[in-house]
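The chain contents come next:
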Amino acid sequence: MWPAQHQSSITAFGADALFVSALQRSDAPSAGQIRQAIDAAVAAFGCLGCAERVAQEFGDHPETAAARVRWARQLTGEAFSDAAPEPACTPMPARYPAALPA
């Protein structure tokens, strides 16, 4: 049997935390509310605790857990899509003249 693989990205951890939070789809939460809910869930349960609660919910209620995890992943991706902008390109320092074009 192959070992289970878990994607350990910020989005995956955030989605687990949003999944176990009190936010509901009907709340139509803003990006700020999503981030606050994730912070609160991680503070309450820890990253591992959030993942454990997601797994438990899939065991107890698989018919509703799948839809909620899709919702949580989508909103987490949207809430953090602009949170960390790409770093600006900076010119190479002059101490590396050999790397600069002639």
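The preceding data block contains the structure.
Residues numbered from 1 in each chain as written. Predicted model: local features only at pLDDT ≥ 70, side-chain atom pairs only at ≥ 80, totals over all residues. Heavy atoms only, no water.

(A) Spotlight on the packing of helix α2 (residues 31-60) against helix α3 (residues 62-80). Between α2 and α3, the least distance of the axes is 13 Å, while the angle of their chain directions is 150°. When the axes of α2 and α3 are compared, the pair comes out roughly antiparallel. Pair α2 / α3 crosses with left-handed handedness. The residues of α3 that touch α2, namely those facing A31, I34, R35, I38, E57, F58, G59 and D60, are P62, A65, A66, V69, L75, T76, A79 and F80. The class makeup of the residues in the contact of α2 with α3 is 11 nonpolar, 2 polar and 3 charged. (Axes fitted to C-alpha atoms, helices over the stretch in contact; angles between N-to-C directions. Helix = DSSP H or I, 4+ residues; strand = E, 2+ residues; numbered from the N terminus. Parallel < 35°, antiparallel > 145°, perpendicular 65-115°, else oblique. Left-handed = near helix turned anticlockwise from the far one by under 90°. Contact = heavy atoms within 4.5 Å. Nonpolar A, V, L, I, M, F, W, Y, C, P; charged D, E, K, R; others polar.)

(B) Structural detail: the packing of aromatic side chains. Scanning the entire structure with this criterion turns up 1 aromatic pair. For the pair F19 and F58, a centre-to-centre distance of 6.3 Å together with 15° between the ring planes defines the contact as stacked. Of this pair, F19 sits in helix α1 (residues 10-20) while F58 is found in helix α2, placing the two residues 39 residues apart along the sequence. For F19, a relative accessible area of 6% gives the class buried. F58 sits in the partly exposed class, given a relative accessible area of 32%. A cation over an aromatic ring shows up here: R35 above the ring of F80, its NZ or CZ 5.3 Å from the ring centre. Note that R68 overlies the ring of F19, its terminal NZ or CZ placed 5.8 Å from the centroid. (Phe/Tyr/Trp six-rings, centres within 6.5 Å; stacked < 30°, edge-to-face > 60°. Buried < 20%, exposed > 50% of the residue type's maximum accessible area, 1.4 Å probe, protein only. Lys NZ or Arg CZ within 6 Å of the ring centre and 35° of its normal.)

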